[in-house]
Amino acid sequence: MDFLGQFLQDFVKQLQSPTLGFLIGGMVIAALGSQLQIPDAIYKFIIFMLLMKVGLSGGIAIRSSNLQEMLLPALFAVVMGILIVFIGRYTLAKLPKVKTVDAIATAGLFGAVSGSTMAAALTALEAQKISYEPWAAALYPFMDIPALVTAIVVASIYLKKKQAKKAPTSPSAVGAYAGSGSTTGYVSSTSEYPTTASEYRSQQSKRVRIWPIVKESLQGAALSALLLGVALGILTRPDSVYESFYNPLFRGLLSVLMLVMGMEAWSRLGELRKVAQWYVVYAVVAPLVHGLIAFGLGMIAHYVTGFSLGGVVILAVIACSSSDISGPPTLRAGIPSANPSAYIGASTAIGTPIAIGLGIPLYLGLAQAIMAGS
Amino acid sequence: MDFLGQFLQDFVKQLQSPTLGFLIGGMVIAALGSQLQIPDAIYKFIIFMLLMKVGLSGGIAIRSSNLQEMLLPALFAVVMGILIVFIGRYTLAKLPKVKTVDAIATAGLFGAVSGSTMAAALTALEAQKISYEPWAAALYPFMDIPALVTAIVVASIYLKKKQAKKAPTSPSAVGAYAGSGSTTGYVSSTSEYPTTASEYRSQQSKRVRIWPIVKESLQGAALSALLLGVALGILTRPDSVYESFYNPLFRGLLSVLMLVMGMEAWSRLGELRKVAQWYVVYAVVAPLVHGLIAFGLGMIAHYVTGFSLGGVVILAVIACSSSDISGPPTLRAGIPSANPSAYIGASTAIGTPIAIGLGIPLYLGLAQAIMAGS
Amino acid sequence: MDFLGQFLQDFVKQLQSPTLGFLIGGMVIAALGSQLQIPDAIYKFIIFMLLMKVGLSGGIAIRSSNLQEMLLPALFAVVMGILIVFIGRYTLAKLPKVKTVDAIATAGLFGAVSGSTMAAALTALEAQKISYEPWAAALYPFMDIPALVTAIVVASIYLKKKQAKKAPTSPSAVGAYAGSGSTTGYVSSTSEYPTTASEYRSQQSKRVRIWPIVKESLQGAALSALLLGVALGILTRPDSVYESFYNPLFRGLLSVLMLVMGMEAWSRLGELRKVAQWYVVYAVVAPLVHGLIAFGLGMIAHYVTGFSLGGVVILAVIACSSSDISGPPTLRAGIPSANPSAYIGASTAIGTPIAIGLGIPLYLGLAQAIMAGS
């Protein structure tokens, strides 16, 4: 009972944290019809500041780290990114009234990572004085990119099989490319639908190109800022500017971001009404399950290579989180036939609040209970 | 003479404060045609940061306060909000060439409160090391909302009486609703003017609906941020983020805001030329008079319930201030027939600089002289 | 050899500084196609914050300075501003395929000063603990304005001579005024081309009006912020807000600005391809030469009036820098027939990175070597 007692105590403490307070505050004022707005320019700059800070601290840490330690957690991050998509493919996608492509896209977004949620987790760990490997934040892309790539590949394979059955009578959405200004399609089909059986067969043998998806993920604003921070942390001496600027402003800017995310979550709730209610169930349950699986994998790394419990919490939280910034545009371009109301609504309106409000306290409480027990 | 000497000395000191320096600097560079601009996104974010800080510190204080102390000052704040509108109704509105509805709207704006001016007063009090009840900033809505409600109600009653005289021959501006996206009218008349005497009589018996005005005030960006801060201060534990972010950035952001307000004041001067010059006289004299009345009421609370002299200064300054952010849109929607050039020009171009440049040093000097005398 | 060794060591150290790291980082992520963006509102606010900080610290310093000391360095700043334009007029403009007006405009921009580069130099001096007169930053307008005025006057004289040869057969670009909303032309010709010889002669006798150019320079956002800061520093007591806000945020905001400038430099590289490749040569060589001349003049002031070596570095860096914010619009309005691709491309894509990446370490190394040698 000591385990449960400790856990509940920490859980309640987390609910009072400023991070969560601002998130809920944002929801409440949005619900009350407040006209408060954080301008978009400020929002984008805050994202930049937070991820640059996380990247810099990671990069500075990596300079003096033993990178071999990172291997197993990084592998588990990749595994989680791929696994989450398949979980969605064989649960959400099988539910009644749920369109398969929408479900795959949603699972891709839930496999991808939210920089804001990760930032909230780092703050919570520091507030609880639980130490973690500073490179742990650099696990982000190891889960984010595989999840998005897997989702787009799985959707593409599904759509091709569907085409094969219907073909060659009806045109398909595969390759219908909504994005403008993009030079490479994510799937190998040409924009003209094949009109003869031989064309069709030759096309089917082509494979989904993965590199453009990886590239687009890396070029997104969130991952660029994070990786630039890591690179600057490793290659230059940014310690003075990190200590005087990025680090002290981190918590405060995070509180503003949480407010924005709370308001955004509320405003996106309406979009969920347009899709099957199963998305709500998935958006509540799946993040916590993903996080628990990742927590388990993290514990394996804990016993095998000494991965810290703080690191285990970070791995669990990034598995629990769903992408809110970089993921949606990549998915919109990669799976143009999926309905954005489904995946953005589920992620922003429910997934993120669940990850911050329940996920972080849950994994933190678990880690503290394990620490207290050992 | 010691009283006057002390007062003059503090007055001069205030004129050299950075707050006032930036305000005057903004006016000067605007007058010289500078192309310097503080982007609108930054301006809005600064307002948010200042009012969130004021709200948080109020909320944190209220947690450990005896709220009974707040009763009398809050009552006086309500009284001042209502009184200022009636002062304007029976002075400004009676002057030649001044349209009555314009005068009532102007009085409403001068009764409403400026978050920026209040922030400047808090900074001045801290610089002078004069203590005040931290909940004093929470007096803001107790004056702001009654002033706006009273102005809209008084204007509505005036317009109805005017209609009654002219009716039923000419259409009236009451109920002509300029705002878009608003779902409730502020006055009970329907948008169609009544065409028969019976319709007219039934309409006249309806009352002005007050709740929508109160709601719109509370939903405004300024009051939302302030009240959200108060709520977060009471209900969560935001002390760490307050100490590391909102509090240290307060003075600096205020200096930038003062610069913007100075530039804005200069650019609005032209609007005053479009209306009767009596607005200039009112905008110079009324704020100082309102502040002095509130100072007197505050002194009553000082002797009766021990309200601090710093608190008295805050009460006087919020009475002296005129709304620059939240008030104008509410008035534009609530008294659509009033001329915005009159009330916005008078408030932004003259009222606010007078409140910050003369009001704050005046009430601060009075308080210091009383302290020195006792 | 000790001199050279010391110099190289400091040079390498500078290359690792966060300032340069963020600049190069910006170029790299832009080259890799990152979608990271720092919103324009943030960019403008950062410029304001940096120049206000530099101005305030200058103004606070001037309060307790012996202004006579400033005379010789200020004179040298004016000399450099004029000299740089004439260097460009008799080198770049004489090269094959280079249009004379384009070359004069480019030289004007390279004579004008970059607030960001100066800010980077001040940071580098502080990091190296090299002292300098705080008023040294106030040398900025003494070089900036003469350079822009000289460029516009020289271009105007050149175009008039060209007209005189061709006249009266072809219309000319002089006086064709691209800017909108501007009320005074920079050159005396009327917009209608003179059709008779007598009109032509009378026009030629008119002189280029200098005051509008000076005024426009002073009204630009960058110089307004700097000079307002100086004025507030001298006339008010902004020390508290300077210490709590402008000073601590300086380095961090500079790092963000450097990132933006790196991205901007990369995106402007393409523009250089449109003009003669000699611009690339000029943009690499000229800044370093300008800085070395100014360094020499600074050393004269060092021996004559005791101008500090840190001050000499600042004089050299502002001569080395080329204007990126305030200069281009002034030149666009003042020399409308010049091609902006030439001067903006050369300055932003090459001049600024050269000044920050090579100029600052070079002059800093020189100063340190002189200090070590004496």
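Up top you'll find the structure we're talking about.
I will try to describe carefully the structure that is included in this document. If you're wondering where the values come from, they're calculated on a predicted model, not measured in any experiment. (Residues numbered from 1 in each chain as written. Chains lettered and ligands numbered in written order. Predicted model: local features only at pLDDT ≥ 70, side-chain atom pairs only at ≥ 80, totals over all residues. Heavy atoms only, no water.)

Once that is clear, we can look at the overall build of chain A. Counting its secondary structure elements, chain A contains 15 helices and zero strands. Within chain A, the fraction of its 374 residues that count as buried is 60%. Of the contacts formed within chain A by residues at least 6 apart in sequence, a portion of 86% connects residues at least 24 apart. Entry remark: accessible area of chain A is about 14,500 Å², with carbon and sulfur atoms responsible for 63%. (Helix = DSSP H or I, 4+ residues; strand = E, 2+ residues; numbered from the N terminus. Buried < 20%, exposed > 50% of the residue type's maximum accessible area, 1.4 Å probe, protein only. Contact = heavy atoms within 4.5 Å. Areas by Shrake-Rupley, 256 points an atom, 1.4 Å probe, with all protein chains shown as cover.)

With that settled, the discussion passes to the interface of chain B and chain C. At the junction of the two partners, chain B supplies 23 residues and chain C supplies 23 residues. Remark: the boundary between chain B and chain C carries zero salt bridges. If you look at where chain B meets chain C, you find five residue pairs in polar contact (both at pLDDT 80 or more). Among the elements that take part in the side of chain B that touches chain C, helix H11 (residues 239–272) of chain B stands out by supplying eight residues, more than any other. Grouping the constituent residues of the side of chain B that touches chain C by class yields 14 nonpolar, eight polar and one charged. (Salt bridge = Lys/Arg side-chain N within 4 Å of Asp/Glu carboxyl O. Polar contact = N/O pair within 3.5 Å; in protein donor to acceptor, adjacent residues only side chain to side chain. Nonpolar A, V, L, I, M, F, W, Y, C, P; charged D, E, K, R; others polar.)

Residue and element names in this part refer to chain A. In this structure the tally under the stated criterion is seven salt bridges over all chains. When the shortest N-O distance is used, the salt bridge between Glu 264 and Arg 268 registers 3.1 Å. Separated by four residues within a single helix, Glu 264 and Arg 268 lie in helix H11 (residues 239–272), roughly one turn from each other. A relative accessible area of 30% places Glu 264 in the partly exposed class.

All names here are of chain C. Along its 12 residues, helix H5 (residues 100–111) runs 16 Å from first to last C-alpha, staying within 8% of the 16 Å computed at 1.5 Å per residue. Burial runs high along H5: 12 of the 12 residues are buried. Those residues of H5 lying buried are Thr 100, Val 101, Asp 102, Ala 103, Ile 104, Ala 105, Thr 106, Ala 107, Gly 108, Leu 109, Phe 110 and Gly 111. Next to the buried residues of H5 lie helix H4 (71–90), helix H7 (140–166), helix H12 (278–305), helix H13 (309–320), helix H14 (327–334) and helix H15 (340–373). (Expected span 1.5 Å × (residues − 1).)

Taken together, the contact pairs 23 residues of chain B with 23 residues of chain A. Overall, the association of chain B and chain A removes approximately 1,900 Å² of surface from exposure, summing both partners, and the carbon and sulfur fraction of that is 73%. Counting across the interface, chain B meets chain A through zero salt bridges. Where chain B meets chain A, there are five residue pairs in polar contact (both at pLDDT 80 or more). When contributions to the side of chain B that touches chain A are tallied by element, the ones reaching two or more residues are helix H3 (40–63), helix H10 (221–235) and H11 of chain B. Here the side of chain B that touches chain A takes seven residues from H3 of chain B, the largest share from any one element. Its residues assigned to classes, the side of chain B that touches chain A comprises 15 nonpolar, six polar and two charged. (Buried area = accessible area lost by both parts, 1.4 Å probe.)

Another aspect to go through is the relation of the copies chain B and chain C. Both copies of the chain are related through a single rotation about an axis accompanied by a shift along the same axis. Under the fitted operation, chain B is carried onto chain C by 0.0 Å of movement along the axis and a turn of 120°, and the coordinates agree to an RMSD of 0.1 Å. Look at the turn and shift together and you get a three-fold axis relating the two. Relative to the rotation axis, the closest C-alpha in chain B is found at Ala 41 of chain B, a distance of 3.8 Å. (Least-squares fit on C-alpha atoms with pLDDT ≥ 70 in both.)

What follows concerns the packing of aromatic side chains. Counted according to the given criterion, the structure contains 18 aromatic pairs over all chains. Centroid distance Trp 135 of chain C to Phe 307 of chain C: 5.7 Å. Interplanar angle 15°. Geometry classified as stacked. Of this pair, Trp 135 of chain C sits in the loop between helix H6 (115–127) and H7 while Phe 307 of chain C sits in the loop between H12 and H13, and the two are 172 residues apart along the sequence. Assigned by exposure class, Trp 135 of chain C and Phe 307 of chain C land together as buried. Here a set of aromatic residues connected by ring pairs shows up, and it is made of Phe 22 of chain A together with Phe 245 and Tyr 246 of chain B. Taking the ring centre of Phe 250 of chain A as reference, the NZ or CZ of Lys 53 of chain A above it sits at 4.2 Å. Over the ring of Tyr 90 of chain C we find Arg 89 of chain C; its NZ or CZ atom is 5.5 Å from the centre of that ring. (Phe/Tyr/Trp six-rings, centres within 6.5 Å; stacked < 30°, edge-to-face > 60°. Lys NZ or Arg CZ within 6 Å of the ring centre and 35° of its normal.)

Now for unusual backbone geometry. Residue and element names in this part refer to chain A. A positive phi is found at Lys 129, a non-glycine position, where the angle reads about 55°. You can see Lys 129 is positioned in the loop between helix H6 (115–127) and helix H7 (140–166). Judged by relative accessible area, Lys 129 falls into the exposed class, the value being 72%.

Next up on the list: the nonpolar core. In terms of nonpolar packing, the biggest core is built from 389 residues, with Phe 48 and Tyr 246 of chain A, Phe 48 and Tyr 246 of chain B together with Phe 48 and Tyr 246 of chain C touching the most fellow members. The residues contacting Phe 48 of chain B, other than those within four sequence positions of it, are Leu 36, Ile 38, Val 256 and Leu 259 of chain A together with Ala 225 and Tyr 246 of chain B. (Core = buried A, V, L, I, M, F, W, Y, C linked by side-chain atoms within 4.5 Å.)

Now for the environment of Gly 291 of chain C. Residues and elements named next belong to chain C. Tracing the sequence through the fold places Gly 291 in helix H12. Under the relative-accessibility criterion, Gly 291 is labelled buried at 0%. The spacing of Gly 291 and Leu 228 is 63 residues in sequence and 27 Å in space, taken between C-alpha atoms. Beyond its immediate stretch of four places on either side in the chain, Gly 291 contacts Ala 316, Ala 319, Cys 320 and Tyr 363.

When two helices pack together, their arrangement is given by the angle between the helix axes and the distance between those axes. Residue and element names in this part refer to chain A. Put simply, helix H4 (residues 71–90) and H7 touch, their axes get as near as 8 Å, and they point 35° apart. H7 is crossed by H4, and the crossing has right-handed handedness. Of H7, the residues touching H4 (which contributes Ala 74, Ala 77, Val 78, Met 80, Gly 81, Ile 82, Val 85, Phe 86 and Arg 89) are Phe 142, Met 143, Pro 146, Ala 147, Thr 150, Ala 151, Val 154 and Tyr 158. For the contact of H4 with H7, a count of residues per class yields 14 nonpolar, two polar and one charged. (Axes fitted to C-alpha atoms, helices over the stretch in contact; angles between N-to-C directions. Left-handed = near helix turned anticlockwise from the far one by under 90°.)

So, about the environment of Phe 307 of chain A. Residue and element names in this part refer to chain A. For Phe 307, a relative accessible area of 2% corresponds to the buried category. Sequence spacing of Phe 307 and Glu 69 is 238 residues, and the spatial spacing of their C-alpha atoms is 7.4 Å. What Phe 307 contacts, discounting residues up to four positions off in sequence, is Pro 73, Glu 133, Trp 135, Leu 139, Gly 298, Ala 301, His 302, Val 312 and Leu 315.

Attention now goes to helix H9 (residues 211–219) of chain C. Taken as a whole, H9 of chain C has its buried residues at Pro 212, Ile 213, Val 214, Glu 216, Ser 217 and Gln 219 of chain C. On its buried side, H9 of chain C packs onto H7, helix H10 (221–235) and H14 of chain C.

Here we take up the environment of Pro 18 of chain A. Checked against the element boundaries, Pro 18 of chain A lands in helix H2 (residues 18–31). Pro 18 of chain A sits 18 residues away from Leu 36 of chain A along the chain, and the two C-alpha atoms are 19 Å apart. What Pro 18 of chain A contacts, discounting residues up to four positions off in sequence, is Arg 237, Pro 238, Ser 240 and Val 241 of chain B.

For the rest of this paragraph, the subject is the packing of helix H2 (residues 18–31) of chain B against H11 of chain B. All names here are of chain B. Taken N-terminus to C-terminus, the directions of H2 and H11 make an angle of 40°; their axes are 7 Å apart at the nearest point. If you check the angle between H2 and H11, you find them oblique. As for the relative orientation of H2 and H11, their crossing is right-handed in sense. Of the residues in H11, those in contact with Thr 19, Phe 22, Leu 23, Gly 25, Gly 26, Met 27, Ile 29, Ala 30 and Ala 31 of H2 are Leu 254, Ser 255, Met 258, Leu 259, Met 261, Gly 262, Met 263, Ala 265 and Trp 266. (Parallel < 35°, antiparallel > 145°, perpendicular 65-115°, else oblique.)

All names here are of chain A. Note that Ser 321 resides in the loop between helix H13 (309–320) and helix H14 (327–334). A residue is classified by how much of its surface remains accessible, and Ser 321, at 1% relative accessible area, is buried. Side-chain polar atoms of Ser 321 contact the backbone nitrogen of Ser 114, separated by 3.0 Å.

Here we come to a nonpolar patch on the surface. Residues and elements named next belong to chain A. A cluster of nonpolar side chains, Leu 75, Val 79, Leu 83, Trp 278, Val 281, Val 284, Val 285, Val 289 and Ile 293, forms an exposed patch at the surface whose accessible area comes to about 650 Å². For the nonpolar patch, the secondary-structure elements that each account for two or more residues are H4 and helix H12 (278–305). Per-element tally for the nonpolar patch: the top contributor is H12, with six residues. Residue position: Val 289 is located in helix H12. Val 289 gets classed as partly exposed once you look at its relative accessible area, which sits at 36%. (Patch = residues over 30% accessible without salt bridge, like charges linked within 9 Å, V, L, I, M, F, W, Y side chains within 5 Å.)

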